[in-house]
Number of protein chains: 2
Amino acid sequence: MSVTAKRIVLAKRPKGEVTPENFRLEDYEVPDPKAGEVVVRVTALSLDPYMRGRMDDAKSYAAPVEVDAVMEGGTVGEVIASNADGFAEGDVVFGMTGWCDHAVMSAKALTKVPAGVPPTAALGVLGMPGFTGWHGLTDIGKPKAGETVVVAAATGPVGSMVGQYAKHLGLRAVGVAGGPDKCRHAVEHFGFDECLDHRAYADGKEMRKAIAEACPDGVDIYFENVGGKVLEGVLPNMNTFGRIPVCGMIAWYDLGGLGMGDGPGKDQLPRAWRTILVNRLKVEGFIITDGWHRLNEFLGEVAPLVANGTIKFTEDVAEGLENAPEAFMSMLKGGNFGKQIVKIA
Amino acid sequence: MSVTAKRIVLAKRPKGEVTPENFRLEDYEVPDPKAGEVVVRVTALSLDPYMRGRMDDAKSYAAPVEVDAVMEGGTVGEVIASNADGFAEGDVVFGMTGWCDHAVMSAKALTKVPAGVPPTAALGVLGMPGFTGWHGLTDIGKPKAGETVVVAAATGPVGSMVGQYAKHLGLRAVGVAGGPDKCRHAVEHFGFDECLDHRAYADGKEMRKAIAEACPDGVDIYFENVGGKVLEGVLPNMNTFGRIPVCGMIAWYDLGGLGMGDGPGKDQLPRAWRTILVNRLKVEGFIITDGWHRLNEFLGEVAPLVANGTIKFTEDVAEGLENAPEAFMSMLKGGNFGKQIVKIA
């Protein structure tokens, strides 16, 4: 059963900001599944900031996407042909198929989405982003009731997990987001104590004052997922022995082109280093694969909280594979409202 | 018994590089010791990079020295009058008397220097600098045999402790120092596997290549005590899950005025942050008072190693209190060779 399908490949590497020319939509033949393989009809693609990193060929924790290869990405979909034990037509699965509408996959690389959960939850709140927030907050942030956590992209799937789970543990949660609507949503829907609109602050200095006002007892944990102006504003407000899990820095993916600050000045690193020293901060980079051993613990603890509504999630849905590049570029600029997915077929 | 003594006070705060005008030598009357106090005749003053920080009034982990107040500093000396139980004339003591030749001190703020150790060891290898190196390396660096550690100021009292104790634990130790004489001393006297002369490398890029060659298996621990060009060169060579104890950044105390690099460029902080993320580094600031609970453990373990010659120390001795400012300014530029002390009286 051969299928003519569509996929989006990396046409060329971006220089700075991502543009439509970096992508190409093309047809391709999905081969028949060999022994142990299945064919998946993709129903939804996840768009995530880490994909920006994969478009560069700089050294990173994962290999870059090759030019002319399919863009990397997680999806949910339905098995439409199986040559693998344990998988049958109609199974709903999660896998890293890339940006496409059909894919042949080794069954070993697929996970069945549990019944009773909306399939797209596997892309967000109970998927990589949610787990990233939970793992970084708990394992590196070491949260204690009564402390204060700050996280940016507060309505996104990572930030909203950090804020909600911190509240669940009894912390003060202060979010940062772009625009009054997102800030309202962070407070009203996700339960953040406060949410600051980074667009309202011209630079790191103004951000610093706003953080100080929103965090009268200082900041104990800064969950770092944006860098830029937010980092500049939070660092001087860190309490002694504060913790900074570092999982991303979207503001710097293009080095300053994202409207969250014009990049740091000449003395930024010395100043940051000095703050790390003076306040005895612990700054620790992590990527989610380092924490896989805690995945079952995460699902066991958080899935019930999602089911009973303690932990909420918000999705921003684009329609059609061909619109994925535009949705991705918009997301990198903060244009999404909640977890960005693309519905396919 | 009133004594007319000499002391050096902070005449005015430095703007950038420290100059002679920042200091003033003056006479003062040492009052008679009250109950619980003793009079100390200072025999040697310790000069340490942290003193540069005390001269500024920026927020730090310790209060700045007030203008017109005596410069802060640790000394060893002899008790010449005692009004305190347990202290007698002739006792050899360590204390934070400041830059002076006589001081009245509460006996509680003094420690007797153990017999059988040269008194000035209490200022270096078995004092704050040695303990700083040992504590940062063991508690934060978490060294494992076979790993590689890099430390700058390799012939100084902190760096030489880091290198020697790392070798004692079975690590590869690569030092950085200023000039061929110090580098040779680091290797021949302190037993570093290699020592790089930072003056031979124009910038962080060249430093990076040199570090890569000296550390064929990458860097697992970078003991950060200088910042600047060395940090720029080491960061890209850090191995995954590397550790960076941060205890100082002498190259940046004047923000680039110390000949160890012209200060970082605009994209330094993003690049550092990216490396922390990609390599999942742990960067942790510490100051020595956080580790006091391990001081007895340190002395119990390291004093015998000093006594039997496993751990060596080198002193650079200036003569006379009036020459302390010059020796201090020279030390900040790397002009000292070993632990800088000033002999007094």
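Residues numbered from 1 in each chain as written. Chains lettered and ligands numbered in written order. Predicted model: local features only at pLDDT ≥ 70, side-chain atom pairs only at ≥ 80, totals over all residues. Heavy atoms only, no water.

Caption draft 1: A look at empty space enclosed by the protein. Residues and elements named next belong to chain A. Per the stated rule, a full pass over the model turns up four cavities of 30 Å³ or more. Counted as a void, the largest cavity has a volume near 70 Å³. For the largest cavity, the lining is made up of 13 residues, of which Val125, Pro157, Ser160, Phe313 and Thr314 are closest to its centre. Here the lining of the largest cavity is built from residues that sort into four nonpolar, six polar and three charged. Both domains that furnish three or more residues to the lining of the largest cavity are identified here as domain 1 (3-124 + 314-343) and domain 2 (128-289). There is about 50 Å³ of room inside the second largest cavity. Around the second largest cavity, the lining residues are Ser46, Asp48, Gly74, Phe94, Ala122, Leu123, Met128 and Pro129. The residue inventory of the lining of the second largest cavity, partitioned by class, reads five nonpolar, two polar and one charged. (1 Å grid on protein atoms, 1.4 Å probe; cavity = no way out; pocket = protein on both sides within 12 Å on 5 of 7 lines; lining within 4 Å. Points joined across faces, edges and corners; volume = space filled by probe spheres on them. Nonpolar A, V, L, I, M, F, W, Y, C, P; charged D, E, K, R; others polar. Domains from an automatic or database assignment.)

Caption draft 2: Representation of the sheet that holds strand E11 (residues 219-223) of chain B in the model. With mixed pairing, the 12 strands of this open sheet are ordered in space as E10(A)-E9(A)-E8(A)-E11(A)-E12(A)-E13(A)-E13(B)-E12(B)-E11(B)-E8(B)-E9(B)-E10(B). One side of each edge strand has no neighbouring strand; the edge strands of this open sheet are strand E10 (194-197) of chain A together with strand E10 (194-197) of chain B. Direction aside, neighbouring strands of the sheet carry axes that sit 15° apart on average. As defined by bridge partners, strand E8 (residues 148-152) of chain B adjoins strand E9 (residues 172-177) of chain B across five bridges and the pair is classed as parallel. If you follow Val150 of chain B over to E9 of chain B, its bridge partner there is Val174 of chain B. Each of E8, E9 and E11 of chain B touches helix H3 (residues 157-168) of chain B; the most contacted strand, E8 of chain B, lies at about 165° to it. The strands touched by helix H7 (residues 268-278) of chain B within the sheet are strand E12 (238-246) and strand E13 (282-285) of chain A together with strand E13 (282-285) of chain B, with E13 of chain A carrying the most contacts at an inclination of about 65°. (Pairing = 2+ DSSP bridges. Helix = DSSP H or I, 4+ residues; strand = E, 2+ residues; numbered from the N terminus. Axes fitted to C-alpha atoms, helices over the stretch in contact; angles between N-to-C directions. Contact = heavy atoms within 4.5 Å.)

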